[in-house]
Amino acid sequence: MNTSRRRGTSEKRVGSTVLAVLLTTGMLTAVAPEAHGESVRTEAPVVSSSAVAVAGVTESVVRVKAPLPASFGARPAACDWLSYLRYRSSEGPAESADADRILVAQPGILEGAGAFDSTARNTVARAAERGLHIEFWALDRRSNCLEDHTGIASGDQHTAVDYYYRGKQVEGRTFAGFLGNDKLGWMAKLGIEQTVRDQYTLLTAELPDQGLRERKVLCGGHSLGGVITGYFAVADFDGNPATTADAGHRQCAGYFALDTTVSTSLADLSGSIPDDTNLPDIGLGYGVVQAGLDSGVLPRSLSAPVLLNAETMTLLAIAGVGAVRDPGGEADLPSYLPANVNIEATNRFLFAKDAAAFLTGSPAVKDFRLTNEAVLGALLDDNSVPLAFLQSSVGFFDGGPIVDKTFPVANGGDQQPGLFGTAYKAIPDRPHGPLYSWRNYDRVGDRDDPGYRSADGTPFTGAGKEVTDIQELARSLAEQPLDFTEHYFPTKLVTDLQLATSPQVKRLIVHPEGLAADPTLTVLAGDGLLAGRVPADLHPVVADGYQHLDVLTAAPEQNNGRPEPVSTALTEFAREPK
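The model shown is predicted, which means the values in this text are computed figures rather than measured ones. (Residues numbered from 1 in each chain as written. Predicted model: local features only at pLDDT ≥ 70, side-chain atom pairs only at ≥ 80, totals over all residues. Heavy atoms only, no water.)

**Examining the pairing of strand β9 (residues 254-258)**
Then, in step 1: Counting buried positions over the five residues of β9 gives five, a clear majority of the element.
Then, in step 2: Both strand β8 (residues 217-222) and β9 contribute to a ladder of five bridges, which runs parallel. If you follow Cys 219 over to β9, its bridge partner there is Tyr 255.
Then, in step 3: Relative to strand β17 (residues 519-525), β9 runs parallel, the two sharing four bridges. Following the sheet pairing, Tyr 255 is matched in β17 by Thr 520. (Buried < 20%, exposed > 50% of the residue type's maximum accessible area, 1.4 Å probe, protein only. Helix = DSSP H or I, 4+ residues; strand = E, 2+ residues; numbered from the N terminus. Pairing = 2+ DSSP bridges.)

Laid out in structure tokens, this is it:
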């Protein structure tokens, strides 16, 4: 097992929502009522169609009441609760405190708890095979309280589209609309300090014994979740640095990083220089940014006019619904969606063969015949979607001629993985032609595989580069009560980390020794954000062929016949962190 202890903060570190609807087999379980009779904790079972669920993994959604300070201002009542997905062995203890180990995971940017579904199931199942009963807690950030799952939970694409885009009711509820900046004032203060405080609040509520937490809890995350874990490790939660039982690192027996590093530097996700500079930061930048967030001059939720916003994130879950309900059926989602600037521009960006197609909108995605699986694959596969941090390796197009997708960047070259990644991009080439289907990850390289190649002769993909089951990905998107994606990501969380040298952020690093206080497991995607610049001094486990999302979504059975490396590494680390 390749693990390591973290270095100090001053050293250079190299880094970077059904067909099966949410079902409950009983009423919400209320625990620890308050004086006025209101529950402060609920737990509801989640029924999934996942094959791994059949293998003995029990899932539930847990909500714990944790009101924000009055200084945050008006907010929906739902936002005074913290939520997580709890995965455990069906044969294991019912109480978390009796588990052999509890892995607590922070999601990355634009991610929700549902993104951990596959790796959580895989890890719990693999550990159980080895006689270890562990739990995996996939945390949801507080801002996900703003998401409305009603349309997705209908299990029907048309119903979902009508709910979110045409004002039609589902079960007596009408969608309130995607929220604008004026509705997000309370999020102006939702930064790194409150994020790590929320994790501490949840841990102490669920596991009151500090000594037990220090022995059994493993703290970690994916992508940005690694940096959040770093800040958790160095935090002090009682305001007195001299008392260390409340220190972040003393809530954990070890740390784990999934295609990230555990640190307090955002630069680690991109492999850039350390955040130490010779120029003093007196906090003016922080003050200006905070004033902008408070006034609403700056957006309180990180989003873009197209592609990366609440509306398009909802589309991913809707695509997942179709892929679960009728995988090989011909999709009508592209033509059923309403026409608006956001959807049109997003479709063009994701499905344009070249710059001319992007500018003219012809041919458009609705001009191609695609199965429901192929629609989802086109949205998230590394050979299709341009943005590296949204990529997974779920197979390839099938059923007709395929050509190079040269927009927004051409294939080939020796560039390091960056915004667009390095996987060759491809796209169907016959509008109004054959029905394009999707070849799942485990069928790539079979005898009937056409073996599509780029114009330069390079194979678009191969069996060694495909690791995620598209059906498991679809279920994670469409079935989870806590979304795979994050519709309203707090801008302040990123600006705080970008302004890490300001006094207002530096003061949060109370126990810098916390980064090296516990053993750390680093697992990196071989073709992920840090490909080509793997930090060797971390002695990472490298998952060959994996993209950034694959460390969360990979199937338990891999094409090379070997055990899935992420869940294997996490299982061994849970057995004995070192």
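**Overview of the state of the cysteines**
What is meant by a disulfide is a covalent connection between two cysteines, made through their sulfur atoms.
Then, in step 1: Applying the stated criterion across every chain yields a total of two disulfides.
Then, in step 2: Each sulfur of the disulfide joining Cys 79 and Cys 145 lies 1.9 Å from the other. Between Cys 79 and Cys 145, the S-S torsion sits near 85°, and that sign places the bridge as right-handed. Taken together, the positions of Cys 79 in the loop between β4 (57-65) and β5 (81-89) and Cys 145 in the loop between β7 (134-140) and α3 (150-153) put the pair 66 residues apart, joining distant regions of the chain. Both residues of the pair, Cys 79 and Cys 145, belong to the buried class.
Then, in step 3: One disulfide in the model links Cys 219 with Cys 252; its S-S distance is 2.1 Å. Every disulfide takes its handedness from the sign of the S-S torsion; for Cys 219 and Cys 252 that torsion is -90°, giving left-handed. Placement of the pair is Cys 219 in strand β8 and Cys 252 in the loop between α7 (224-234) and β9, with a sequence separation of 33 residues. The same class applies to Cys 219 and to Cys 252, which are both buried.
Then, in step 4: For the protein, the disulfide bridges join cysteines in the arrangement 1-2, 3-4, where the cysteines are counted in sequence order. (Disulfide = S-S within 2.5 Å.)

**Concerning the sheet that holds strand β12 (residues 395-398)**
Then, in step 1: With mixed pairing, three strands are arranged side by side in an open sheet as β11-β15-β12. One side of each edge strand has no neighbouring strand; the edge strands of this open sheet are β11 (369-370) and β12.

**Details of the packing of aromatic side chains**
Then, in step 1: Taken as a whole and assessed by the stated rule, the structure comprises 16 aromatic pairs.
Then, in step 2: Judged by centre distance (6.0 Å) and plane angle (75°), the rings of Phe 396 and Phe 397 are edge-to-face. We note that Phe 396, like Phe 397, is buried.
Then, in step 3: Here the aromatic rings of Phe 397 and Trp 438 are separated by 5.1 Å at their centres, their planes lie at 75°, and the arrangement is edge-to-face. Separated by 41 residues along the polypeptide, Phe 397 in strand β12 and Trp 438 in strand β15 (residues 435-440) bring together distant segments of the chain.
Then, in step 4: Each residue in the set Tyr 163, Tyr 164, Tyr 165, Phe 175 and Phe 178 is aromatic and connected to the rest through ring pairs, giving one cluster.
Then, in step 5: One Lys or Arg, Arg 166, reaches over the ring of Tyr 336 and ends 4.6 Å from the middle of that ring. (Phe/Tyr/Trp six-rings, centres within 6.5 Å; stacked < 30°, edge-to-face > 60°. Lys NZ or Arg CZ within 6 Å of the ring centre and 35° of its normal.)

**With respect to helix α15 (residues 491-498)**
Then, in step 1: Among the eight residues that make up α15, seven are buried, leaving the element largely enclosed by the rest of the structure.
Then, in step 2: Listed in full, the buried residues belonging to α15 are Thr 491, Lys 492, Leu 493, Val 494, Thr 495, Asp 496 and Leu 497.
Then, in step 3: Contacts from the buried residues of α15 go to α5 (192-206), α7, α8 (284-295), β10 (301-302), β16 (489-490) and α16 (503-506). (Contact = heavy atoms within 4.5 Å.)

**What about the pattern of salt bridges?**
Then, in step 1: Summed over the entire model, instances satisfying the criterion amount to 28 salt bridges.
Then, in step 2: The salt bridge involving Asp 398 is made with Arg 439; its shortest N-O contact spans 2.8 Å. Residue Asp 398 is found in strand β12, and its partner Arg 439 is found in strand β15; the two are separated by 41 residues along the sequence.
Then, in step 3: The class for Arg 439 is buried, based on a relative accessible area of 3%.
Then, in step 4: In this structure, Arg 439 and Asp 448 form a salt bridge, with 3.0 Å as the shortest nitrogen-oxygen distance.
Then, in step 5: Take Asp 448: its relative accessible area is 46%, and that puts it in the partly exposed class. (Salt bridge = Lys/Arg side-chain N within 4 Å of Asp/Glu carboxyl O.)

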